[in-house]
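Survey of secondary and tertiary structure
Here is how the chains run, residue by residue.
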Amino acid sequence: MSPWQPATACSRPGAAHQRRGQGSQDWAATTQLRSREGLPLQLLAVADGHGGRRYTRSATGSRLACESALAAAAAALAEQPLGQGSATLEAWRRWLAVELPQQIQADWLEAIERDWERRQREESQGEGQDEPAAFSPLLYGTTLALVVLTPRWWGHTGLGDWDLVRVEVEGAAQLLSEERAAADVPGEATASLCLPEAAALWAPRAALHPLPARQGSFSLLLSTDGIRKSCATDADFLALAAHLAQGTAPGDAELAELLDRISREGSGDDVSLALAHWRGPEHPLERPPGQAVRAPLAVGVVALAATAGLAAGLLALRRPPPPKPAAVPSLPAGPSPPPPLVRQEVQRLCGQSPAAILGTLRSRRAQFEELRSGRLTPAALLAAADEDPLGALIGASFDPAQRTMVQGTPRGGLRLCAALELALQQQWLDQSRGGTHPPPAAVPIPEPTP
Amino acid sequence: MPFPNVRLASRPLHFLYLCDCSGSMAAQGKMQALNQAIRQSLPGMAEVARQNPEARLLVRAVRFADQARWHIAEPTPVEELQWRDLEAGGVTAMGEALELVAAALATPPMEERALPPVLVLISDGQPTDDFERGLRHLLRQPWAQKAVRLAIALGHDADLEVLQQFIGVDPGGGGRSARRPLQAGNATALAQYIQWASTAVVGAASMPTSRVAGAGGGAYDAGSVPLPDLPPTVLDPTDDVGPLVW
């Protein structure tokens, strides 16, 4: 079970746009995926396409910006283990500030060029409307914000005039990130993905926040500028954020209605937000009955599939999560029964065909490697059993001292069926022979201290 | 979901007239024409405000002659505005007028969430005080830099170079442009320019549209608000707008 409640995203066209019969230039999206270790992750993105006359494709630009951001972040998070320790956190911080923006920028530029070419083809066939004569990223100009949520840290990055507010459980709201406009930048000017130097503009808006083991509940509100500009003062904006964070989780229609009113009585601009809640170990949030993970409104929603080897899609919460342990427990000195969730996982797998069992374990090849190399410990996987029972089973099957599958009583305690025992054994033997998995890439992971 | 106890508000759009009330404005009916043009523009301006409820249009006016004074000191909702005639007499303290406006565009009293203001400078002559100093003071204010600055020149004695400095960089390329002084040779042309500034420009300034800013400051697009096209009848001085009186 994830310590983060499933996120919400909503985007509505501004009152001024609606009056003119124009569509929204904003986009908002969330997605859920699993890390390389099988830990649950979430991503939030909002984007605001520029409204000036020359930005004729900015509505498409904002959509492609969110899609590119979610895809690039998901790919990296699935490839690199979250790991632990200050050096690892620093590597992820740099990823948010430097590497990820470069990837997103490149992906977005490719995406808008493809879109342009497609429109040109449609126009030549008489299907498209009048298009500007020449392609320019300016036509698709947009801001972009991305928030990454993991069980161990959360972070943000992006460029442009979006806002990020953190709301504590008692209601105190703080503006964590906003765009600082230069005095000589006229009017409603903002940083944009269409700028050649855009990737370099992300660093001031990037930050990583570690999550201590006993982090209490809090919420995050990520929004485009239309919401803040609709509030009479920043104090009103923070009060609005606190209300959204603390109130009963609104349904899609209610949230849309709220945003419509904000725009209508405020700035008239497009309004978009993404909302996330950290449950915390001591204040599990009550789930409204029948509260499934909300698919964001059709106006601004993208659901992405995770990369190969990891589960993807939306999770349906049915009960509050169990409290998280204060610290990762060390393995007991002597044999001890596996946690109930591990036994349940064993029963589930043993109900499958041998081929299916083998396929399931092969999809977790990375975890086998990490355990054998010492970059991951069985204790860490066992501590996350409620989120990843299969990972916990794999951890429980590993003997760090022998760097292979457990033997004797610990093995017997797992109560494996023959097919599962054989498949696990096969995986550990493969690892001891060096395996065929490609070496880990980019983000440096510290070696465990002896 | 009940609506929270927060204040939502439209964004203020400040519109300021800077009106030359020097003695020369008394000649050839210029002062009467200016008063008439502004008074006649108010209904149209109010209609634009109604069409753009997300912008709260607030009007003020400065008069400058021997000295600069507020003619309408308080930002006044356009629908409540009743125009009191300006009177001519004295010299042309344009620099002082700019300093007066500079103080009004400081934050505070300007609200941080305001829309870029619109400043319209109307003059028939040359400044008689330190215009450069006044302009420096004005452009030190971020809101003045963000403002839409227009200038209307009445007659052939107006100092076009000074008015261009107020507007900003000449866009080049020849021809008429809203980013150059608008030259009104008679009452009809003046009325059309005032109407354009108080309706089309206000309409454009009322719409919140984000634009791209460069990494080192400044903007890729000149000006903070994309200006609408000038009224077609004043694009060509040979158009039938009546005799050039001024």
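Here is a short report on the structure shown in this document.

Calculation notes
Residues numbered from 1 in each chain as written. Chains lettered and ligands numbered in written order. Predicted model: local features only at pLDDT ≥ 70, side-chain atom pairs only at ≥ 80, totals over all residues. Heavy atoms only, no water. Axes fitted to C-alpha atoms, helices over the stretch in contact; angles between N-to-C directions. Helix = DSSP H or I, 4+ residues; strand = E, 2+ residues; numbered from the N terminus. Left-handed = near helix turned anticlockwise from the far one by under 90°. Contact = heavy atoms within 4.5 Å. Nonpolar A, V, L, I, M, F, W, Y, C, P; charged D, E, K, R; others polar. Salt bridge = Lys/Arg side-chain N within 4 Å of Asp/Glu carboxyl O. Buried < 20%, exposed > 50% of the residue type's maximum accessible area, 1.4 Å probe, protein only. Phe/Tyr/Trp six-rings, centres within 6.5 Å; stacked < 30°, edge-to-face > 60°. Lys NZ or Arg CZ within 6 Å of the ring centre and 35° of its normal.

A word on the packing of helix α9 (residues 365–373) of chain A against helix α11 (residues 389–396) of chain A. Residue and element names in this part refer to chain A. Closest axis-to-axis distance for the α9/α11 pair is 10 Å, and the angle between their directions is 40°. Pair α9 / α11 crosses with right-handed handedness. Touching Q367, F368 and L371 of α9 are G391, I394 and G395, all from α11. For the contact of α9 with α11, a count of residues per class yields 3 nonpolar, 3 polar and no charged.

Pairing between side chains of opposite charge can happen when the charged atoms of each approach one another. All names here are of chain A. Taken as a whole and judged by the stated rule, the model has 27 salt bridges over all chains. A salt bridge links R114 to E110; its shortest N-O distance comes to 3.6 Å. You can see R114 and its partner E110 sitting in helix α3 (residues 86–124), 4 residues apart, about one turn around the helix. Residue class for E110 comes out partly exposed when judged on its relative accessible area of 47%. The closest approach of N and O atoms between D163 and R228, which form a salt bridge, is 2.8 Å. In this pair, D163 is assigned in strand β6 (residues 163–168) and R228 in helix α4 (residues 225–228), connecting sequence segments 65 residues apart. Like R228, D163 is buried. A network of salt bridges, in which partner residues are shared, links D115, R118, R119 and E122.

Next up on the list: the packing of aromatic side chains. This model, assessed by the stated rule, comprises 12 aromatic pairs over all chains. Consider the rings of A:F398 and A:W428, whose centres lie 4.6 Å apart with planes at 25°: the pair is stacked. Taken together, the residues A:F398 in strand β12 (residues 398–399) and A:W428 in helix α13 (residues 418–432) connect sequence positions 30 residues apart. Taken together through their ring pairs, the aromatic side chains of A:W4, A:W154, A:F218 and A:W278 make up a single cluster. Over the ring of A:F218 we find A:R166, and its NZ or CZ is 3.8 Å from the ring centre. For A:R261, the ring lying beneath its charged end belongs to B:F3, and the centroid distance is 4.0 Å.

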